[in-house]
Amino acid sequence: MKFRLAHYNHSETWKDMTIRVNQLYQTPIEEQQLEIVERKGVGHPDHICDAVMNEVSVTLSKEYLKRYGHVMHHNIDKALLAAGEVKTRFGGGEVKRPMLMVFGDRATYDVDGDPVPVDEMAVSTAKKWLKGHLRFVDPEKHVRYQVELKKGSQALTDIFNRKGKFMGANDTSAAVGYAPLTDTERIVLHTERYMNSPSFKKEFPETGEDVKIMGSREGKHLNLTIALAFVDKFIENENQYFKRKTEVVEEVTRFAKSRIKQDELTVSINTLDKRRRGMGGIYLTVLGTSADDGDGGQVGRGNRPNGLIPLNRPTCSEAAAGKNPVSHVGKIYNLLTYEIAGHVHQKVTGIKEVYVWLLSQIGRPINEPKVAGVELILEKGVDFKPVSKQVNDIVRSELNSINDFTKRLTEGKIQVC
């Protein structure tokens, strides 16, 4: 990453918190010569874990609200999807051993003697998600479930009983978000979504939901290396597999070329394939996901909250998925930083890139981060001082309305992976 010395030009104290705005003198990612971006699609085992556990959090939050008027302590952010075992065959194979989904960490199981069926809700929510997103997975037959959730500690659950307009943070955690997406980031994100769209699946029904895209841009040349699970019941022989794979490459290339600025584009799919190696030379699955036999998954190993794994960017190590939406800053700040960055870029002219940093302190109100910082790369000739004032106003406004943000999180209206 090319850069020169950066320094803080403006700060504003708000309550006992200082919002610092920093001008960066570095080359924007879009203008650098090397960029690498990854996305794990809907059927990837890591994405499955993130999406399912976050949906469990949403379900529990709604149930707590319905029963008690507010969200209770929970963090469903530890999970494992252990791969099953299948026998792939041309024309259709079989599942020999189902996948295993393990739910972990903490939840509130009762309030004043009123029990909450947490385990049952977790399993039923997972089954509903699997049925709605993975066409070939029968959640009753192809997945086993093991709930290892336990009651929360007294110190952390007590946060939910304290009075105040704003919840206290249940952890000391740092997060960073940025805007805008580069051209490479956008095409990686949109290509996976296209490959898992109803129109694409109608044209290529043999393609499963497990799509992983690794985008690498060197100068003006963009390379997309894609792992795509094919479903064996649609494939009669090796020749048909390679024929359909070629057609998929052509369609994905057409889609991507119509949406990029780069001069050159290369699309490669399933590069491990090798003819005349039988089942060992092609990427076939029974259920459309590598989790049926080849690969397990965990919460936090998938996409960042903006749906990407952007290797050129600073990112938070926390998993946003599954954490409670009202006190866990590992979720709230992880997502809020991206939203603030997006609003800053949209509302303030003259900004090439913006990075927003928030650091919580356990027990401190979530609207008062211990550290709040914004880093800006400005267009040539833009005056920093008025820009920094606008940015400060936006950050202050976003933090003041953080309860509206956590409400949207609670309702599942903000995508986390």
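Residues numbered from 1 in each chain as written. Predicted model: local features only at pLDDT ≥ 70, side-chain atom pairs only at ≥ 80, totals over all residues. Heavy atoms only, no water.

### Some words on the overall build of the protein chain
Helix and strand counts for the protein chain stand at nine helices and 19 strands. A globule of 417 residues ought to have a C-alpha radius of gyration of about 22 Å, and the protein chain, at 23 Å, matches this closely. Principal-axis analysis of the C-alpha atoms gives the protein chain an extent of 70 × 65 × 30 Å. Taking all 417 residues of the protein chain together, 56% fall into the buried category. About 18,400 Å² of surface is accessible on the protein chain, with carbon and sulfur atoms providing 49% of the total. Separation between the mean location of the 61 positive side-chain charges and that of the 55 negative ones in the protein chain comes to 1 Å. (Helix = DSSP H or I, 4+ residues; strand = E, 2+ residues; numbered from the N terminus. Rg over C-alpha atoms; globule rule 2.2 N^0.38 Å. Buried < 20%, exposed > 50% of the residue type's maximum accessible area, 1.4 Å probe, protein only. Areas by Shrake-Rupley, 256 points an atom, 1.4 Å probe, with all protein chains shown as cover. Lys, Arg positive; Asp, Glu negative; His and termini not counted. Charge placed at Lys NZ, Arg CZ, Asp CG, Glu CD.)

### A word on the pairing of strand S3 (residues 34–40)
The buried count for S3 comes to five of seven residues, which makes it a mostly enclosed element. Bridge count for S3 against strand S12 (residues 207–218) is seven bridges, and the pairing is antiparallel. In the strand pairing of S12, Lys40 is matched with Lys212. Across two bridges, the pairing between S3 and strand S17 (residues 309–310) is antiparallel. Its bridge partner being in S17, Val37 is matched across the sheet by Pro310. (Pairing = 2+ DSSP bridges.)

### What about unusual backbone geometry?
Cis geometry is found at the peptide bond from Ala179 to Pro180, where omega equals -5 degrees. Among the secondary structure elements, Pro180 is positioned in the loop between strand S11 (174–179) and helix H4 (183–195). Even without being a glycine, Arg276 presents a positive backbone phi close to 60 degrees. By the secondary structure assignment, Arg276 is in the loop between strand S14 (264–269) and strand S15 (284–285).

### Examining the environment of Leu24
Position of Leu24 relative to the elements: it lies in strand S2 (residues 17–26). Placed 331 residues apart in sequence, Leu24 and Tyr355 show a C-alpha to C-alpha distance of 9.8 Å.

### A few points about the packing of aromatic side chains
The description of an aromatic ring pair uses the distance of the two centres, along with the angle that the planes make with each other. Under the criterion given, the structure shown has eight aromatic pairs. Ring geometry for Tyr194 and Phe200: centres 5.3 Å apart, planes at 70 degrees, overall edge-to-face. Among the aromatic residues, those joined into a ring-pair cluster are Tyr194, Phe200, Phe204 and Phe255. Taking the ring centre of Phe242 as reference, the NZ or CZ of Arg275 above it sits at 4.2 Å. (Phe/Tyr/Trp six-rings, centres within 6.5 Å; stacked < 30°, edge-to-face > 60°. Lys NZ or Arg CZ within 6 Å of the ring centre and 35° of its normal.)

### Remarks on the packing of helix H1 (residues 45–68) against helix H2 (residues 118–133)
The interhelical angle for the contact between H1 and H2, taken along N-to-C directions, is 130 degrees, at an axis separation of 9 Å. Between H1 and H2, the angle falls in the class oblique. Two packed elements cross with a definite hand, and for H1 against H2 that hand is right-handed. Of H2, the residues touching H1 (which contributes Ile48, Ala51, Val52, Glu55, Val56, Thr59, Leu60, Glu63 and Tyr64) are Val118, Met121, Ala122, Thr125, Ala126, Trp129 and Leu130. (Axes fitted to C-alpha atoms, helices over the stretch in contact; angles between N-to-C directions. Parallel < 35°, antiparallel > 145°, perpendicular 65-115°, else oblique. Left-handed = near helix turned anticlockwise from the far one by under 90°. Contact = heavy atoms within 4.5 Å.)

### Observations concerning the sheet that holds strand S4 (residues 74–82)
Strand order in the open sheet formed by four strands is S10-S7-S4-S16, with mixed pairing between adjacent strands. Both edges of this open sheet fall to strand S10 (143–150) and strand S16 (297–298), since each of them pairs with a single strand only. Examined bridge by bridge, S4 and strand S7 (residues 99–107) share seven bridges and lie antiparallel to one another. Across the sheet, residue Lys78 finds its bridge partner in S7, namely Gly104. Seen against the sheet, H1 touches S4, S7 and S16 and runs at an angle of roughly 150 degrees to S4.

### Digging into H2
Over its 16 residues, H2 runs 23 Å from end to end, which matches the ideal 22 Å to within 8%, given 1.5 Å per residue. Buried-residue contacts for H2 involve H1, S7 and S10. (Expected span 1.5 Å × (residues − 1).)

### Some words on the side chain of Asp232
Here Asp232 shows up in the loop between strand S13 (221–231) and helix H6 (238–257). The charged side chain of Asp232 is buried without a salt bridge, its nearest counter-charge being Arg89 at 7.0 Å. Here the side chain of Asp232 touches Gly93 through a polar contact of 2.8 Å, landing on its backbone nitrogen. Beyond its immediate stretch of four places on either side in the chain, Asp232 contacts Lys87, Thr88, Arg89, Phe90, Gly91, Gly92, Gly93, Leu284, Thr285 and Val286. (Salt bridge = Lys/Arg side-chain N within 4 Å of Asp/Glu carboxyl O. Polar contact = N/O pair within 3.5 Å; in protein donor to acceptor, adjacent residues only side chain to side chain.)

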